Amino acid sequence: MRWLVELYRSTIGKKIIMAVTGLIGIAFVFLHMVGNLQVFIGQNKFDAYAALLHGPLAELLWVARAVLIAAVLLHVLMAWQLTRRARAARPVDYRMREAQVSTLASRTMRWGGVLLLVFIVFHILHFTVGAIDPAGVFHDTDALGRHDIYGDVVASFRIWWVSGFYLLAMAFLGLHLFHGAWSSLRTLGVARPSDHPLHRRIAAAVAIAVWLGFTLVPLGVIAGIVH
Amino acid sequence: MNLTLHVWRQPAAGAAGKFERYEARDVSPEMSFLEMLDVVNEGLIAAGQAPIAFDHDCREGICGMCGMMISGAAHGPMKMTTTCQLHMRSFKDGDELWLEPWRARAFTVVRDLVVDRSAFDRIIQAGGFVSVNTGSPQDANAIPIGKQEADEAMDAAACIGCGACVAACPNGSASLFTAAKISHLGLLPQGQPERYRRALRMVAQMDLEHFGGCTLFGECQEACPKGISIDFIARMNRDYLRAAATAREERAVGGTG
Amino acid sequence: MELKSRVPSAPVAEMWDRHKFEMKLVNPANKRKYTVIVVGTGLAGASAAASMSELGYQVKAFCFQDSPRRAHSIAAQGGINAAKNYPNDGDSVWRLFYDTVKGGDFRAREANVYRLAQVSVNIIDQCVAQGVPFAREYGGMLANRSFGGAQVSRTFYARGQTGQQLLLGAYQALEKEIARGGVTMFPRTEMLDLIVIDGRARGIVARDLVTGTVSSHLADAVVLGTGGYGNVFFLSTNAKGSNVTAAWRAHKRGAAFANPCFTQIHPTCIPVSGDHQSKLTLMSESLRNDGRVWVPKKAGDTRPPNQIPEAERDYYLERKYPSFGNLSPRDIASRAAKEVCDEGRGVGPGGRGVYLDFADAIKRLGADQIAERYGNLFEMYERITAENPYRVPMRIYPAVHYTMGGLWVDYNLMSTIPGLHVIGEANFSDHGANRLGASALMQGLADGYFVLPLTIGDYLGSNKLEPVTLDHPEVRATEAAVAGRTSTLLSIRGHRTVTSIHRELGKLMWEYCGMARTADGLRHALQEIPKLRDEFWHDVTVPGTGAELNQSLEHAGRVADFLELAELMCVDALHREESCGGHFRVEHQTADGEALRDDERFAYVAAWEYKGEGQAPVLHKEPLEFENVHLATRSYK
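## Some words on helix α11 (residues 367–385) of chain C
Residue and element names in this part refer to chain C.
- With 19 residues, α11 ought to run about 27 Å at 1.5 Å a step, yet its terminal C-alpha atoms sit only 20 Å apart, falling short of that.
- The sharpest bend along α11 measures roughly 80 degrees and falls at Tyr-374.
- All buried positions along α11 are accounted for by Ile-370, Tyr-374, Gly-375, Leu-377, Phe-378, Met-380, Tyr-381, Arg-383, Ile-384 and Thr-385.
- Of the surrounding secondary structure, the elements contacted by the buried residues of α11 are α10 (359–365) and β15 (394–403).
- At the C-terminal side of α11, Ala-386 shows a positive phi close to 65 degrees.

## Here's the deal with the pattern of salt bridges
- Using the criterion set out here, one finds 69 salt bridges over all chains in the structure.
- In this structure, Arg-117 of chain B and Asp-55 of chain B form a salt bridge, with 3.6 Å as the shortest nitrogen-oxygen distance. Taken together, the positions of Arg-117 of chain B in the loop between β7 (114–115) and α2 (118–125) and Asp-55 of chain B in the loop between α1 (33–46) and β3 (69–70) put the pair 62 residues apart, joining distant regions of the chain. We note that Arg-117 of chain B, like Asp-55 of chain B, is buried.
- Here Asp-561 of chain C ties to Arg-485 of chain C by a salt bridge, and the two come within 3.0 Å at their closest N and O atoms. Taken together, the residues span a long stretch of sequence, with Asp-561 of chain C in helix α16 (residues 551–575) and Arg-485 of chain C in helix α13 (residues 473–491) at a distance of 76 residues. Accessibility assignment for this pair places Asp-561 of chain C and Arg-485 of chain C in one class, buried.
- Among the charged side chains, a network of salt bridges with common partners joins Asp-105, Arg-107, Arg-576, Glu-578, Arg-597 and Asp-599 of chain C.

## Quick notes on empty space enclosed by the protein
Residues and elements named next belong to chain C.
- Counted by the stated rule, this structure contains 19 cavities of 30 Å³ or more.
- The volume enclosed by the second largest cavity comes to roughly 140 Å³.
- In terms of lining residues, the second largest cavity is bounded by 14 residues, among which Leu-192, Thr-486, Leu-489, Leu-553 and Gly-557 are the most central.
- Within the residue set of the lining of the second largest cavity, elements represented by two or more residues are β6 (189–197), α7 (245–252), α13 and α16.
- Per-class residue counts for the lining of the second largest cavity are 5 nonpolar, 3 polar and 6 charged.

## Considering the side chain of Gln-205 of chain B
Residues and elements named next belong to chain B.
- Mapped onto the secondary structure, Gln-205 falls in helix α6 (residues 195–208).
- Looking at Gln-205, the relative accessible area reads 18%, which means it is buried.
- Not counting residues up to four positions away in its chain, the partners in contact with Gln-205 are Arg-122, Ile-123 and Ala-126.

## Thoughts on the interface of chain B and chain A
- Counting residues at the interface gives 47 residues for chain B and 44 residues for chain A.
- Interface area for chain B against chain A, summed over the two sides, is near 3,800 Å², with a carbon-plus-sulfur share of 56%.
- A per-residue breakdown of the area chain B buries against chain A is headed by Arg-103, Leu-216 and Phe-217 of chain B, which together make up 15% of the total.
- Our count for the chain B to chain A interface comes out at 1 salt bridge.
- Secondary-structure elements contributing two or more residues to the side of chain B that touches chain A are β5 (96–100), α4 (164–168), α6, α7 (219–223) and α8 (231–246) of chain B.
- Of all the elements, α8 of chain B adds the most residues to the side of chain B that touches chain A, at 9 residues.
- The residue makeup of the side of chain B that touches chain A, split by class, is 25 nonpolar, 12 polar and 10 charged.

## Here's the deal with the interface of chain C and chain B
- At the interface, 74 residues of chain C touch 73 residues of chain B.
- Across the chain C to chain B interface the summed buried area is about 6,100 Å²; carbon plus sulfur atoms make up 51%.
- Seen at the junction of chain C and chain B, the total is 6 salt bridges.
- Among the salt bridges present, the one from Asp-55 of chain B reaches Arg-188 of chain C, with a minimum N-O distance of 2.7 Å.
- One can count 49 residue pairs in polar contact (both at pLDDT 80 or more) joining chain C with chain B.
- Elements supplying a minimum of two residues to the side of chain C that touches chain B: α3 (43–55), α5 (110–130), α6 (162–180), α11, α12 (440–462), α14 (498–512) and α16 of chain C.
- Tallying contributions element by element places α6 of chain C first for the side of chain C that touches chain B, with 10 residues.
- Its residues assigned to classes, the side of chain C that touches chain B comprises 27 nonpolar, 29 polar and 18 charged.

## Comments concerning the domain arrangement of chain C
Residues and elements named next belong to chain C.
- Considered domain by domain, chain C is made up of domain 1 (266–400) and domain 2 (473–602).
- Across the interface of domain 1 and domain 2, roughly 860 Å² is buried in total on both sides, 56% from carbon and sulfur atoms.
- Ranking the residues of domain 1 by area buried against domain 2 places Asp-331, Arg-335 and Lys-338 at the top, with a combined share of 50%.
- Where domain 1 packs against domain 2, one counts 0 salt bridges.

## A word on the packing of aromatic side chains
- On inspection of all chains with the given rule, the structure shows 35 aromatic pairs over all chains.
- Centroid distance Phe-120 of chain B to Phe-177 of chain B: 3.7 Å. Interplanar angle 5 degrees. Geometry classified as stacked. With Phe-120 of chain B in helix α2 and Phe-177 of chain B in helix α5 (residues 175–187), this pair connects stretches of sequence that are 57 residues apart. Here the two residues Phe-120 of chain B and Phe-177 of chain B agree in accessibility, since each one is buried.
- Between the aromatic rings of Phe-62 of chain C and Phe-186 of chain C, the centroid separation amounts to 4.6 Å while the plane-to-plane angle is 5 degrees, which identifies the pairing as stacked. Taken together, the residues span a long stretch of sequence, with Phe-62 of chain C in strand β2 (residues 58–62) and Phe-186 of chain C in strand β5 (residues 183–186) at a distance of 124 residues.
- Among the aromatic residues, ring-to-ring pairing joins Phe-119, Phe-122, Phe-127, Phe-157, Trp-161, Phe-165 and Tyr-166 of chain A into one connected group.
- The ring of Trp-294 of chain C has Arg-313 of chain C lying over it, and the distance from NZ or CZ to the ring centre is 4.1 Å.
- When the ring centre of Phe-64 of chain C is taken as origin, the NZ or CZ atom of Arg-558 of chain C, which lies over that ring, is 4.8 Å away.

How each quantity is defined
Residues numbered from 1 in each chain as written. Chains lettered and ligands numbered in written order. Predicted model: local features only at pLDDT ≥ 70, side-chain atom pairs only at ≥ 80, totals over all residues. Heavy atoms only, no water. Helix = DSSP H or I, 4+ residues; strand = E, 2+ residues; numbered from the N terminus. Expected span 1.5 Å × (residues − 1). Bend = angle between axes of the 7 residues up to and from the residue. Buried < 20%, exposed > 50% of the residue type's maximum accessible area, 1.4 Å probe, protein only. Contact = heavy atoms within 4.5 Å. Salt bridge = Lys/Arg side-chain N within 4 Å of Asp/Glu carboxyl O. 1 Å grid on protein atoms, 1.4 Å probe; cavity = no way out; pocket = protein on both sides within 12 Å on 5 of 7 lines; lining within 4 Å. Points joined across faces, edges and corners; volume = space filled by probe spheres on them. Nonpolar A, V, L, I, M, F, W, Y, C, P; charged D, E, K, R; others polar. Buried area = accessible area lost by both parts, 1.4 Å probe. Polar contact = N/O pair within 3.5 Å; in protein donor to acceptor, adjacent residues only side chain to side chain. Domains from an automatic or database assignment. Phe/Tyr/Trp six-rings, centres within 6.5 Å; stacked < 30°, edge-to-face > 60°. Lys NZ or Arg CZ within 6 Å of the ring centre and 35° of its normal.

Okay, here's the thing in structure tokens:
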């Protein structure tokens, strides 16, 4: 176990932990996004999907939740430690330092990450726990007596600040993945050598897919396609 | 052409520093950047003032001694070029330039634009070598090395240790420097026996020197006057992960009989 | 002073083996009781420091740069010679020996050169074992190329960065030993004097360049690997910091300085672009493999090169030296360039340049092939000149590159001060009057890895050295001399900057002690140099104090020594009334303008003894005997 401690202590080890937890997160948001798109099939399908997760798959869901919570905590903890370390590595800053090639995505990892963390908490309180219930419909049920998550989605996204915050968070999620999907693989050392190591087609595809998939839902509500 | 320079002046390590403004007059586009500073310094000396201290030696882009932030870019605006090989034709009349030393906790300012990069030497001391003593090794051709491996090792070995990677990195990370040496030796058969031990020890030393971690901004690769690729960082991480997972505690086996 | 070369009496091919056997050894357990100081961490210094530490000696290593990895060996581009005969083209230790003696125009000591050729093969093995990434063929074997006019392919290379890779190999070995505790490293520390006690070198006085602290370091032997003195010309391909101070202070303490006038002018450098010029950049000699050198036939022809028709171009190297053509040796190619420029046919600003034209090669091989061979060099040229050599011919001009002269050493690489050893470019030993391409790296590493670590044991093992302490009167006196000199430099507060005097000295030396020398010119220089030196000591201005990082003070100390060395160079050049290698005396040439050696009178090493300020140096001659390579006129026609 000593090696795990060593790994945890080193900057590369911390990055590896961030990469692994980040990849878990990417897998999750991808599945979540695909699940969400069922909203376009209709209320019945969407509520049935939610009922499936909370019914027959409940134990599995709790395992997944445990993994995800651990991943988020570790991801945040490592990010916090590495950020502090980076700050300490340059106690006197430049008067002028121009970014040459670093992407907006890479430069917004930290603040974007904080925003995403806030969003995640809000999102869970909103759609999972119901502690925040802007539309006041969390406890409604649908015609079949199921928890009407479909109705909650539609009602919530009709509230401008809810959909606004959601859209903003998804934009940052896209940026976060554009850098994270690419850099996590490099951090784990699985990237193939390339003449243009800064190019990231796969990461771009993942980021756009996730961003678009999530963003379509509130847009669909606002446009009246989902109602 | 005429330029305005704002130069970081600091009399010694630990002393307070500030920017001073200097006018560089009649600068020829044929001058190198350091020759322009030479001219400014000649003027300062003639006026009885302390000239601007900056490190430099070979002035042909290979010794790695020179380097400064020029208006926010390590080694200035030209890609794949050290400060000494940057020429004034890269600037235009009336430009206002900000000259700052490399900034990192591990690189203390010694004076003005001169910094202490001995942390790099200590990273090499931690394992950036093949443990072979001078003597009679096998014939050089007894170890065949494919052209591609040799070329890739040479790509990594081209590092001149100037510190621009650290200077340009928003995290102040020395990953590119460390990765280049780990990769140079790790790619070659001669470096295999110590490959994983080397990765562990050099990374540990890099961390001890208070460099930041790598978040793959890519700024180091852009600033590197030798164009060393961040691919080597991926390689270092791979070696490090494998090393961490497989390393056994070193044992002292006694008994020389 | 007596010059005892200590060349073993044996056939040249057996000398080194016999000597290795006859030398005294130091018991392995006793080695750690000896301290050796190594000044300079280039190829010679770093390899020697690392190798001696591996043997068990306590080593203290010094360099003025911020890290031992910066030494100017790093800038060597082309390659390193070794008599491996991998390409099966007839190379051998004997042929490398022969080529080096002949290439040096018969002014080198045969015994040393043979040993150099012998250990050349070990160097490649050693470097490969260290992980030096030499160029390889697809089959995994080492690649070789022919270089600098050699008739065989014996040059090993790592792209255009051979010096860098070899130096990093030695540097890494040094760092390994630093980590192990065998070497204590003193970076940013400059040797300012040699401590001689009871006639033996016992330490150095050095200045910490960051704090300004002057302190003494004692040892049982001192090794100088401090490089050459090309910067006496101000403009040279040397690094800005390269200097003669360590060697010169040793000279003033009793080490004979040999053949100071033997300087090498490299034919392919980027020409001077203006008065601001601070150094010259070398373009690898390999460019001459495909480039054609020419100037306009007509003097004062200012047309752009592409508008000068073929018939009005003079490919002068091909014309004068039909069999070697553009690949003529360095000294010959350089002098030919000077001649055409003196005739007013030079090109570019100031008329000091000749074309190196790749148009034919591009037509013959295609631009891609040329890019593959010289791409990085073309880029470097364009970076400096803003001209694209694929379209416009390069402009090149000779520049000071290497100094064959240096402190006199015996077969053990020991100077005339017992205990003071000198290695690499800092000594005079192996290249005679002209060094062949890719031989400097070979010599530095031969001395450092394979010769000195053995011969130093002979000195330590055969001499009983009394312990000395820092309060020894001689140590105190040397420290006081250094401190006095520093405070003098700081107290003059005159009107001239160090650089302006250095530049003036350089012009004087380039004009009168450069590529072509005349008795009148040298006499003129010998009048001017003392005047300039006088001006320096009365009117120089060095700002700041001695207790801080003070680059002007560093430079002032170095220029002060150059001002003394310059005079000795001119004295040596004036006394050597012959032309050989890099030393061309206009009075001594053949009817068609070739160097005319005088073996009757000058087949010797001129070793100069310092006799004190204002005293003429005394010449000692080490006669050179050529038993294996017979004296012959070099001809490249």
